[in-house]
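Remarks on the overall topology
Residue-level listing of the chains:
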Amino acid sequence: MCSKYWLLAASILIAGAPVALAQTPAPAPVPAASPAPTVVKAELVGNNGKPIGTATATGTDRVTIVRLVLQPGAIPPGWHGIHFHAVADCSDTEKFLASKAHVNHGGKAHGLLNPNGPDEGDLPNIFAVADGSVSAEVTSPVGLTGANGLLSATGFALVVHAAPDDHTTQPIGGAGARIACAAFKP
Ligand SMILES: [Cu+2]
Ligand SMILES: [Zn+2]
């Protein structure tokens, strides 16, 4: 008795299979390929005005990824805060103040760990090894391109600080003096 029902059930399944296939909705159209990311490169200069490495920014209107390669002797070993500053100007190499404050369209507080932050300039720290060189890649949810992207208006400067950023205190997380700078023109 039981096997009869099984056979019946199996035959329904087999008979139903082509129907089920026919009713499967057509696959969603493949989205158009997203535009290729923008890649921009700039030389990092130290306080003596000499080149000490390169910074490469790769991004879209939703993300920016920065790869930093600093040569041996570039900066003191240890952790260093880095930020996107608002102006692509690294000409005053002694202090790099021409790069102005952090990019901050939203008027947010400084700091990745600050409950009222972060501003758009905020990034993770980088680490210089014993010989003073750095190989690092950091990422930010701030767009490189687009209306308020980093490359809009006055471009931006990537600034390396003397001390680490604590990601909380104002205005720059205690990161101290500006010791290297790369200008990314709009
Ligand atoms: Cu800074
Ligand atoms: Zn900041």
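Residues numbered from 1 in each chain as written. Chains lettered and ligands numbered in written order. Predicted model: local features only at pLDDT ≥ 70, side-chain atom pairs only at ≥ 80, totals over all residues.

- The name given to the chain in an unreviewed UniProt entry is Superoxide dismutase family protein, and the organism recorded there is Xanthobacter autotrophicus.

1. Comments concerning the nonpolar core
- Ala157, Leu158, Cys181, Ala182 and Phe184 are the most contacted members of the largest nonpolar core, which has 37 residues in total.
- Every element with two or more residues in this core is listed here: strand E1 (38–46), strand E2 (51–59), strand E3 (64–70), strand E5 (82–85), strand E6 (126–128), strand E8 (156–161) and strand E9 (178–184).
- Tallying contributions element by element places E9 first for this core, with 6 residues.
- If near-sequence neighbours (up to four positions away) are discounted, Phe184 is found in contact with Val40, Ala42, Ala57, Ala88, Leu151, Gly155, Phe156, Ala157 and Leu158. (Core = buried A, V, L, I, M, F, W, Y, C linked by C-beta atoms within 7 Å. Buried ≥ 20, exposed ≤ 12 C-beta atoms within 10 Å, placed from the backbone. Helix = DSSP H or I, 4+ residues; strand = E, 2+ residues; numbered from the N terminus. Contact = placed C-beta atoms within 7 Å.)

2. Quick notes on the sheet that holds strand E7 (residues 134–140)
- Strand order across the open sheet formed by 7 strands is E5-E8-E9-E1-E2-E3-E7, with antiparallel pairing between neighbours. Two strands lie at the open edges of the sheet, namely E5 and E7, each paired on one side alone. The average angle at which neighbouring strand axes cross in this sheet is 20 degrees, direction not considered.
- Here E2 pairs with E3 via 7 bridges, running antiparallel. (Pairing = 2+ DSSP bridges. Axes fitted to C-alpha atoms, helices over the stretch in contact; angles between N-to-C directions.)

3. As for the environment of Ala180
- Relative to the helices and strands, Ala180 resides in strand E9.
- Judged by C-beta crowding, with 27 C-beta atoms within 10 Å, Ala180 ranks as buried.
- Along the sequence, Ala180 and Leu44 sit 136 residues apart, while their C-alpha atoms lie 6.2 Å from each other.
- In this structure, Ala180 is in contact with Leu44, Val45, Gly46, Ile52, Ile75 and Val160, ignoring residues within four places of it in sequence.

4. What to know about the environment of Arg67
- By the secondary structure assignment, Arg67 is in strand E3.
- In sequence terms Arg67 and Thr54 are 13 residues apart; their C-alpha atoms lie 8.2 Å from each other.
- Sequence-distant contacts of Arg67, defined by excluding residues within four places in its chain, comprise Thr56 and Glu137.

5. A short note on the environment of Ala183
- Mapped onto the secondary structure, Ala183 falls in strand E9.
- Considered as a pair, Ala183 and Val159 are 24 residues apart in the sequence and their alpha carbons are 8.7 Å apart.
- Look past the residues within four positions of Ala183 in its chain and what remains in contact with it is Ala42, Ala88, Asp89, Cys90, Gly155 and Ala157.

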